[in-house]
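Examining the three-dimensional arrangement
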Amino acid sequence: MNKNQLTLIVILGLVIGGAGLYVMRNRQSSYTNRDQQMGEKLLKDYDINSVATLRIQNSSNQVNLAKVGDTWTVVERNGYPANFGSLKDFLSKHWDLKITKAVRVGPSRLAPLQLVPPDKNGSGTLVEFKDSSGKTTKTLLLGAQHVRESSGESPMGMGGDSSWPDGRYVMVDGRTESVALVSDPLSQAEARAQNWIGKDWFKAEKLKAISVVSTNATNDFKLTRESETGTWKLVDAKPGEELDSGKSSSVTSAMSYPSFNDVATNDAPAETGLDKPLRATIETFDNFTYAFKIGNKTADDNYFFQVAVTATIPKERTAPADEKAEDK
């Protein structure tokens, strides 16, 4: 070996050693950065109040919630108002997410952690935040839930061996270096439109009269009473007909706390049965009128249903004869 060969070997050794040191320091720096993130907010630099559209997508469905004026709506339900309470909780929860553990991942670990986005045939759930211009400002990919195993009592009070989700793997803005485990399973992030619609509906009170008109006139009837605490009577009762108080009770209380499962987006009357519906009308002592249409029965034992509300509201208040001036 001559002097030139020895010099070349030394130079190569220095280059390889320097490269190895550079890679090692980069890895150490990566671990250090992750350690600094533990316990911090996942979305610490993001203004959650700037969100005007929220999109949740999985491998089979998606739902878009959009703010129209001051009202949040569900796009897939023809702009029906969203459940603002659920939406507020959802946004607040994501804004306050804390990193439990930073996770070092490579491409081969993304699929086992369910951190492959749905548009790439993955099983992750994509949460997209957009501003008022429609620009995507932040994305959060929700992966597999972390399951806690226990041989003791579960949080639900059930004894014996049990397990329950206590966290979830997440990735911010598609960056593998941002993968972390958070201490919330984020089970609310479902891409089902019916889970996001507001179900605060009407409540008929102080019922005065109830009438039902069907396609078969022999099934028509009307119930009335003279006061809010009065007894219900069957109008135009035929000889021998008596009102069944048990059945009338179910009819008169049916609209006290009504709810519904979903908003129908198919408005073809012949398909919903609302072209030849069963009609019902409720009149109240405070001059509200509720007109109902009940259509066809669905495969899952629900009915297509429509309601319209009108009211006759006095323009001026009628004061009692003995009302004092200060009360007026």
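See the structure shown above.
Note that the structure is a prediction, hence the values are computed from the model and not measured.

Within the protein chain, the secondary structure is distributed over 5 helices and 15 strands. Taken over 328 residues, the protein chain has a buried fraction of 31%. Looking at the protein chain alone, contacts between residues at least 24 apart form 53% of all its contacts between residues at least 6 apart. For the protein chain, the exposed area adds up to about 21,200 Å²; of that, 50% sits on carbon and sulfur atoms.

This part takes up the pairing of strand E15 (residues 303-311). Each regular strand carries side chains that alternate between the two faces of the sheet. When strand E14 (residues 288-297) meets E15, the two strands line up antiparallel, connected through 8 bridges. Note on E15: the bridge partner recorded for Phe 288 is Ala 311. Counting the residues between successive antiparallel strands, the hairpin from E14 to E15 contains 5 residues, one of them, Asp 301, with a positive phi of roughly 65°.

Here the focus is the layout of surface pockets. In this model, the largest pocket occupies a volume close to 1,200 Å³. Lining the largest pocket are 37 residues, and of these Trp 201, Tyr 303, Phe 304, Phe 305 and Gln 306 lie nearest its centre. Among the secondary structure elements, those contributing two or more residues to the lining of the largest pocket are strand E10 (207-213), helix H5 (269-272), strand E13 (278-284), E14 and E15. In terms of residue count, E15 provides more of the lining of the largest pocket than any other element does, 5 residues in total. Of the residues contributing to the lining of the largest pocket, the split by class is 23 nonpolar, 9 polar and 5 charged. Within this model, the second largest pocket holds a volume of roughly 420 Å³. As for the second largest pocket, its lining consists of 17 residues, of which Asn 219, Asp 220, Phe 221, Leu 234 and Glu 241 are closest to the centre. Those elements giving two or more residues to the lining of the second largest pocket turn out to be strand E11 (221-224) and helix H4 (245-253). Looking at the lining of the second largest pocket residue by residue, the class counts come to 7 nonpolar, 3 polar and 7 charged.

Now for the sheet that holds E15. Sheet architecture is open: 6 strands sit in the order E12-E11-E10-E13-E14-E15, paired in antiparallel fashion. Whereas interior strands pair on both sides, the edge strands pair on one side only; in this sheet they are strand E12 (233-234) and E15.

Right, let's get into the side chain of Arg 77. With respect to the helices and strands, Arg 77 occurs in the loop between strand E3 (71-74) and strand E4 (80-81). By relative accessible area, Arg 77 is classed as buried at 14%. There is a polar contact of 3.4 Å between the side chain of Arg 77 and the side chain of Gln 194.

For the rest of this paragraph, the subject is the packing of aromatic side chains. Enumeration according to the criterion identifies 11 aromatic pairs in this entry. Residues Tyr 80 and Phe 260 carry aromatic rings whose centres are separated by 6.0 Å and whose planes lie at 80° to one another, so their mutual orientation is edge-to-face. Highlighted residues: Tyr 80 in strand E4 and Phe 260 in the loop between H4 and H5, separated in sequence by 180 residues. Judged by its relative accessible area of 25%, Tyr 80 falls in the partly exposed class. Accessibility expressed as a relative area gives 13% for Phe 260, which makes it buried. Among the aromatic residues, ring-to-ring pairing joins Tyr 80, Trp 201, Phe 202, Phe 260, Phe 288, Tyr 290, Phe 292 and Phe 305 into one connected group.

Relative to the helices and strands, Ser 214 is located in the loop between E10 and E11. Of the residues examined, Ser 214 reaches a relative accessible area of 19% and is grouped as buried. Here Asn 216 takes part through its backbone oxygen, which lies 2.6 Å from a polar atom of the side chain of Ser 214. Not counting the four nearest positions on each side in its chain, Ser 214 is found in contact with Asn 219, Asp 220 and Leu 278.

Taken as a whole, this structure holds 12 salt bridges when the rule is applied. Salt-bridge contacts for Lys 93 lead to Asp 184; the nearest nitrogen and oxygen are separated by 3.8 Å. Placement of Lys 93 in helix H2 (residues 84-95) and of Asp 184 in the loop between strand E9 (180-182) and E10 is noted, with a sequence separation of 91 residues between them. Take Lys 93: its relative accessible area is 33%, and that puts it in the partly exposed class. Through salt bridges that share partners, Lys 41, Asp 96 and Lys 98 make up one connected network.

Cut-offs used in this document
Residues numbered from 1 in each chain as written. Predicted model: local features only at pLDDT ≥ 70, side-chain atom pairs only at ≥ 80, totals over all residues. Heavy atoms only, no water. Helix = DSSP H or I, 4+ residues; strand = E, 2+ residues; numbered from the N terminus. Buried < 20%, exposed > 50% of the residue type's maximum accessible area, 1.4 Å probe, protein only. Contact = heavy atoms within 4.5 Å. Areas by Shrake-Rupley, 256 points an atom, 1.4 Å probe, with all protein chains shown as cover. Pairing = 2+ DSSP bridges. 1 Å grid on protein atoms, 1.4 Å probe; cavity = no way out; pocket = protein on both sides within 12 Å on 5 of 7 lines; lining within 4 Å. Points joined across faces, edges and corners; volume = space filled by probe spheres on them. Nonpolar A, V, L, I, M, F, W, Y, C, P; charged D, E, K, R; others polar. Polar contact = N/O pair within 3.5 Å; in protein donor to acceptor, adjacent residues only side chain to side chain. Phe/Tyr/Trp six-rings, centres within 6.5 Å; stacked < 30°, edge-to-face > 60°. Salt bridge = Lys/Arg side-chain N within 4 Å of Asp/Glu carboxyl O.

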